[in-house]
Amino acid sequence: IGSEYGLRNVIDMARQVATLNSPVLLRGETGTGKDLIANMIHRLSPCRGGPFIKVNCGAIPESLIDAELFGHEKGAFTGAFFQKRGYFERADKGTIFLDEIGELPLPVQVRLLRVLQFKEIQRVGGVDPIRVNIRIIAATHRNLEQMVAQEQFREDLWFRLNVFPVFIPPLRQRKEDIPELVSHMVVKKSRELNLPGTPLVTSSAVKRLSEYEWPGNVRELENMIERALILRKGEKIGIDILFPGDAALPAIVQPEASVVLGIDELLKQHIQAVLIQCAGRVQGPHGAAKLLATNPSTLRNLMNRLGVVYGRKALQDK
């Protein structure tokens with residue numbers, strides 16, 4: 001999804017580097033799908049038959065990070081009752097994906113540099129180095145150049161990792177992918193939730209989704225689709241489910257260039273359009289009075305004066 005539009009350049013670059021063994025640095029905001037691109041590079045690489053090990057560098061406690069990454073020997077420290085292979089050793093003949101690499105402490109960065117330079121590790125409490133044949137893919141949402149300038153990230157490690165940088169654009173910069181993403185996510189989440197069928201997302205809802213700025217990127221979109229599937233009451237998902245309390249108002253009916261309408265007629269058309277959006281409801285949390293920010297009694301009096309038809313049957317007949 002996105003290979004023909006917003007992600008075209010990213011996927012082309014991923015295909016180019018996948019057949020090689022060079023380190024790859026994936027850059028982009030949180031929730032843009034860096035893990036999916038890393039998975040794609042592994043599946044297209046010569047080591048696709050080997051393991052694909054994902055490591056969230058920011059989720060490992062600093063006191064355990066050496067043992068988790070490089071493993072440890074039996075008796076290396078209190079509680080080390082057996083020998084343990086670390087993530088790097090388990091990724092041998094495969095790919096290791098180091099997500100959020102900017103969170104690594106400086107001492108660990110030194111040991112990672114040795115892995116990149118010599119393709120060998122040393123377990124905590126071990127003596128002999130262990131050779132590993134691995135492909136390293138790193139990812140971050142942080143500004144590593146700035147971190148290097150502030151001495152929070154090693155410059156030599158930065159140069160080693162930045163051999164082939166790939167920037168993954170945020171969703172707000174590739175909104176042309178949203179309709180296809182929505183369709184895919186509705187099918188996927190419907191299966192995961194064991195729904196009896198696959199609901200349809202209305203065209204107005206898709207349009208509203210395409211207008212949103214998506215600070216949480218694809219992950220936020222996926223969460224919103226799942227929430228809408230849980231809350232839906234019919235076979236369609238509309239704006240009221242995706243954006244409760246923030247439904248986009250329908251546009252005012254535009255008169256032809258040669259026709260000049262009076263204020264009352266323009267107001268009548270706008271109220272009628274809002275009523276259609278609200279399925280004929282005047283009051284309540286999803287009523288026209290709520291969207292127009294007016295009192296229901298005031299709105300009804302205005303509608304009677306202007307001759308606005310309302311109610312479900314009247315709207316359908318119209």
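The structure this text deals with has already been given above.
What you see is a predicted model; the values in this text were computed from it and never measured.

Help me understand the side chain of Lys-189 in this model?
Within the fold, Lys-189 resides in helix H8 (residues 178-192). Engagement of the side chain of Lys-189 in a polar contact is seen with the side chain of Glu-192, the distance being 3.2 Å. Excluding its chain neighbours within four sequence positions, the residues that come into contact with Lys-189 are Glu-222, Glu-226 and Leu-229.

When you look at the packing of aromatic side chains in this model, what are you seeing that I'm missing?
Remark: the centre distance and the inter-plane angle together describe each pair of aromatic rings, the angle taken between the planes. Here the structure, examined in full by the defined rule, presents four aromatic pairs. An angle of 10° between the planes, with centres 6.4 Å apart, marks the rings of Phe-52 and Phe-97 as stacked. With Phe-52 in strand E2 (residues 52-56) and Phe-97 in strand E3 (residues 94-99), this pair connects stretches of sequence that are 45 residues apart. On the numbers, 4.6 Å between centres and 90° between planes, the contact of Tyr-212 with Trp-214 is edge-to-face. One cation-aromatic arrangement involves Arg-208 over Phe-243; the distance from NZ or CZ to the ring centre is 4.2 Å.

What is the right way to read the pattern of salt bridges from this model?
Any two side chains of opposite charge can pair, so long as their charged atoms come close to each other. Taken as a whole and judged by the stated rule, the model has 17 salt bridges. Notably, a salt bridge pairs Lys-175 with Glu-213, separated by 3.1 Å at the nearest N-O pair. With Lys-175 in the loop between strand E7 (165-167) and H8 and Glu-213 in the loop between helix H9 (203-211) and helix H10 (217-231), this pair connects stretches of sequence that are 38 residues apart. We classify Glu-213 as partly exposed; its relative accessible area is 45%. Put simply, Lys-188 and Glu-222 hold a salt bridge, and the shortest N to O gap is 3.1 Å. With Lys-188 in helix H8 and Glu-222 in helix H10, the pair connects residues that are 34 residues apart, well separated along the chain. Overall, the relative accessible area of 33% leaves Lys-188 in the partly exposed class. Each of Lys-188, Lys-189, Glu-192, Glu-222 and Glu-226 takes part in a single network of salt bridges with overlapping partners.

Looking at this structure, I do not really get the pairing of strand E6 (residues 134-140). What am I missing?
The side chains of a regular strand alternate between the sheet's two faces. Counting buried residues in E6 gives seven out of seven residues, a clear majority hidden from the surface. Summarising the sheet, E3 and E6 pair through five bridges and their orientation is parallel. Note on E6: the bridge partner recorded for Phe-97 is Ile-137.

I would appreciate a short explanation of H8 in the present structure.
Because each turn of an α-helix spans 3.6 residues, side chains separated by three or four positions end up pointing in the same direction. Compared with an ideal rise of 1.5 Å per residue, which puts 15 residues at 21 Å, H8 spans 20 Å between its outermost C-alpha atoms and is within 8% of the ideal. Along H8, the residues that are buried comprise Ile-178, Leu-181, Val-182, Met-185, Val-186, Lys-189 and Ser-190. Viewed end-on, H8 has its buried residues packed into an arc of 150°, placing them on one side of the element. Just beyond H8, the residue with positive phi is Asn-194, at close to 60°.

Could you clarify how one ought to interpret a nonpolar patch on the surface in this entry?
Together, Leu-193, Ile-230 and Leu-231 make up a nonpolar patch on the protein surface, roughly 270 Å² of accessible area in all. Here Leu-193 falls in the partly exposed class, since its relative accessible area comes to 30%.

What is the right way to read the sheet that holds E6 from this model?
Within a sheet, adjacent strands bond to each other through the backbone by hydrogen bonds, running parallel or antiparallel. The strand order across the open sheet built from five strands is E2-E3-E6-E1-E7, with neighbouring strands paired in parallel fashion. On the outer flanks of this sheet lie E2 and E7, each paired with one strand and no other. Across the sheet, the axes of successive neighbouring strands diverge by a mean angle of 20°, strand direction being ignored. Relative to E6, strand E1 (residues 24-27) is paired through four bridges, and the arrangement is parallel. The partner of Arg-27 across the bridge, within E6, is Thr-140. Contacts between helix H1 (residues 8-18) and the sheet are confined to E1, E6 and E7, with E7 contributing the most and set at about 160° to the helix.

In this structure, what is going on with the packing of H1 against helix H2 (residues 34-43)? I would like to understand it.
Two quantities define a packed helix pair, namely the angle between the axes and the distance from one axis to the other. Contact pair H1 / H2: the axes reach a minimum separation of 8 Å and the direction vectors enclose 35°. Here H1 runs over H2; the crossing is right-handed. Residues Val-10, Ile-11, Ala-14, Arg-15, Val-17 and Ala-18 of H1 form the contact with H2, whose participating residues are Ile-37, Met-40 and Ile-41. Classifying every residue of the contact of H1 with H2 gives eight nonpolar, no polar and one charged.

Is there a simple way to think about unusual backbone geometry in this case?
The phi dihedral of Lys-93 falls on the positive side, at around 65°, and the residue is not glycine. By secondary structure assignment, the location of Lys-93 is in the loop between helix H4 (87-90) and E3. For Lys-93, a relative accessible area of 56% gives the class exposed. Its identity as a non-glycine residue notwithstanding, Glu-151 has a phi of 60°, on the positive side. Its place among the elements puts Glu-151 in the loop between helix H6 (144-149) and helix H7 (155-161).

So, how was this worked out
- Residues numbered from 1 in each chain as written.
- Predicted model: local features only at pLDDT ≥ 70, side-chain atom pairs only at ≥ 80, totals over all residues.
- Heavy atoms only, no water.
- Helix = DSSP H or I, 4+ residues; strand = E, 2+ residues; numbered from the N terminus.
- Polar contact = N/O pair within 3.5 Å; in protein donor to acceptor, adjacent residues only side chain to side chain.
- Contact = heavy atoms within 4.5 Å.
- Phe/Tyr/Trp six-rings, centres within 6.5 Å; stacked < 30°, edge-to-face > 60°.
- Lys NZ or Arg CZ within 6 Å of the ring centre and 35° of its normal.
- Salt bridge = Lys/Arg side-chain N within 4 Å of Asp/Glu carboxyl O.
- Buried < 20%, exposed > 50% of the residue type's maximum accessible area, 1.4 Å probe, protein only.
- Pairing = 2+ DSSP bridges.
- Expected span 1.5 Å × (residues − 1).
- Arc of directions from axis to C-beta.
- Patch = residues over 30% accessible without salt bridge, like charges linked within 9 Å, V, L, I, M, F, W, Y side chains within 5 Å.
- Areas by Shrake-Rupley, 256 points an atom, 1.4 Å probe, with all protein chains shown as cover.
- Axes fitted to C-alpha atoms, helices over the stretch in contact; angles between N-to-C directions.
- Left-handed = near helix turned anticlockwise from the far one by under 90°.
- Nonpolar A, V, L, I, M, F, W, Y, C, P; charged D, E, K, R; others polar.

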